[in-house]
Amino acid sequence: MRIFFLFISLWGYMQYSCAQPMCLVSTDFIDYTSEAFQFSDAQGKQTLKGILTIPKELTSSTKIVVLVTPSLPISCDYYGFFSTLSDVFGRSGIATLRFDNRAYTDKSLSSKDETVTMFDQADDVHQALLTLRKDKRFAHQCIGLLGHSEGGAVVSIEAARNKDISFVVCLSALGEKGMDVAYEQTSMPFKIGKVAEDTENELSVLKAYVNIVNEYNSLDSIKMSFQQKGKEYYASVKDKTKKFGNQSVDEYCQMMIRWYTRPRIMAMIKYDPSRYYSLLVCPVLVMHGKMDGNMDCTNNLQGIENIFKKNGKKNYEIVAIDSVDHDYIKVKHKIPLFIKQRMSRKQDGVKPKYSLETFEYISKWINNIYL
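Residues numbered from 1 in each chain as written. Predicted model: local features only at pLDDT ≥ 70, side-chain atom pairs only at ≥ 80, totals over all residues. Heavy atoms only, no water.

Quick word on the overall build of the protein chain
Move 1: Regarding its fold elements, the protein chain presents 14 helices and 9 strands.
Move 2: For the protein chain, the proportion of its 371 residues judged to be buried stands at 53%.
Move 3: Long-range contacts, defined here as pairs at least 24 residues apart, represent 76% of the contacts in the protein chain between residues at least 6 apart.
Move 4: A total accessible area of about 17,300 Å² is found for the protein chain, and carbon and sulfur atoms account for 51% of it. (Helix = DSSP H or I, 4+ residues; strand = E, 2+ residues; numbered from the N terminus. Buried < 20%, exposed > 50% of the residue type's maximum accessible area, 1.4 Å probe, protein only. Contact = heavy atoms within 4.5 Å. Areas by Shrake-Rupley, 256 points an atom, 1.4 Å probe, with all protein chains shown as cover.)

Concerning the pairing of strand β3 (residues 47–55)
Move 1: Here 9 bridges tie strand β2 (residues 32–40) to β3, and the two strands are oriented antiparallel to one another. By the bridge assignment for β3, Y32 is matched with P55.
Move 2: The loop that links β2 with its antiparallel partner β3 comprises 6 residues; one of these, G44, has a positive phi angle of about 70°. (Pairing = 2+ DSSP bridges.)

A look at the packing of aromatic side chains
Move 1: As enumerated under the stated definition, the model contains 23 aromatic pairs in all.
Move 2: Taking the centre distance of 6.5 Å and the plane angle of 70° together, the rings of F167 and W365 count as edge-to-face. Linking F167 in strand β7 (residues 165–171) with W365 in helix α14 (residues 356–367), this pair joins segments that are 198 residues apart in sequence.
Move 3: You can call W365 buried: its relative accessible area is 10%.
Move 4: Put simply, the rings of Y78, Y79, F81, F82, Y328, Y354 and F359 pair up and form one aromatic cluster.
Move 5: The ring of Y183 has K207 sitting right over it, with the charged end atom 4.7 Å from the ring centre. (Phe/Tyr/Trp six-rings, centres within 6.5 Å; stacked < 30°, edge-to-face > 60°. Lys NZ or Arg CZ within 6 Å of the ring centre and 35° of its normal.)

A look at the nonpolar core
Move 1: With 74 residues, the main nonpolar core has V66, L132, F226, Y260 and Y277 as its most contacted residues.
Move 2: Tallying contributions element by element places helix α6 (residues 197–215) first for this core, with 7 residues.
Move 3: Those residues in contact with Y277 that lie beyond four places of it in its chain are G152, S156, C170, A173, L174, Y271, I304, I307 and F308.
Move 4: Residues F167, V169, M287 and V324 belong to the second largest nonpolar core, which totals 27 residues. (Core = buried A, V, L, I, M, F, W, Y, C linked by side-chain atoms within 4.5 Å.)

Observations regarding helix α9 (residues 249–260)
Move 1: Given a rise of 1.5 Å per residue, 12 residues ought to cover 16 Å, and the 17 Å separating the end C-alpha atoms of α9 matches this to within 8%.
Move 2: Listed in full, the buried residues belonging to α9 are Y252, C253, M256, I257 and Y260. Down the axis, α9 shows its buried residues gathered within 135° of arc, on one side only. (Expected span 1.5 Å × (residues − 1). Arc of directions from axis to C-beta.)

Observations concerning the pattern of salt bridges
Opposite charge on two side chains permits them to pair, given that their charged atoms come into close proximity.
Move 1: Per the counting criterion, the structure on display carries 18 salt bridges.
Move 2: With its nearest N and O atoms 2.9 Å apart, the salt bridge here joins D124 to R102. A residue pair is termed long-range when its members are at least 10 positions apart, and D124 in helix α3 (residues 118–134) and R102 in helix α2 (residues 102–105) qualify at 22 residues. Like R102, D124 is buried.
Move 3: Note that K229 is salt-bridged to E232, the shortest N-O span being 3.4 Å. With a gap of 3 residues between them, K229 and E232 both fall in helix α7 (residues 219–236), about one helical turn apart. (Salt bridge = Lys/Arg side-chain N within 4 Å of Asp/Glu carboxyl O.)

Below, the structure is given as structure tokens:
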């Protein structure tokens, strides 16, 4: 096993998730074609539409990669990230499928409720794979999965149960338990500067909320525990007007219950990467940007590596990338998630500078896999 450190040149940082779909590679001498692709979701209720990018010289050795987003409402281009990846891969002789996910397609769903989970997304990915196999062109091709962020968890779930997967690429994926990542992200704003006594109290209750969701499977038990913990916290706050405004204790408890019991959030908190990465037998490439302000690069890479080592896995690579953030955009500084989210509201339309060197590294890894 080797840990690779990919040194990428420095460029200016850009936005979080409001970039317009775009392609940063010259359109001259395109060596691939694109066509519409569709399949039914796992429930058989929605037709998920996407784009299939196929190299012009399609041979029996051509590999195909299904690109997997987080389970939030996201279209196939994924703000330009996946369309750019598809372009780089297509020029490298690799076919790709990217699709509008269920949360994006089903307009009856409220984005605030976040009802589609990583497990629902994995079921839909499975349907995409079955549909690809029905196409004579891909009946015997090597098919791999590439997931980004929560999409990496989706990929781990599907690849752990589907031995038809020939390889896996996980970008900025969860290598720590979901409960730990959820706490780190929600507590991030409170850890800037000196931590006061009331802040320590709030961090403690945030940790308790995550633990409750992880511990109980019954929604009623979760709500009951939240009510108890929320009332204890509310009573402990000295300046209630400053902290809660006009919000009553019951209103505060209900707000916390609504936030933490959204199906997607509950699934992420309960996610344990060891349950899935321990079952992967195919080659795996795991990458993480060192300037990731959403999740800790070192801890998440180390988490996945520890799982592989514990299970004696040999066919994998771990790559930490300099000067790249969570979204594989070139940056000079690490920007915490909560600050990046605020910046995104002011930078609508800003075109990100994706790390094409990283995308090319992935394409070479895929093409050089010994299968």
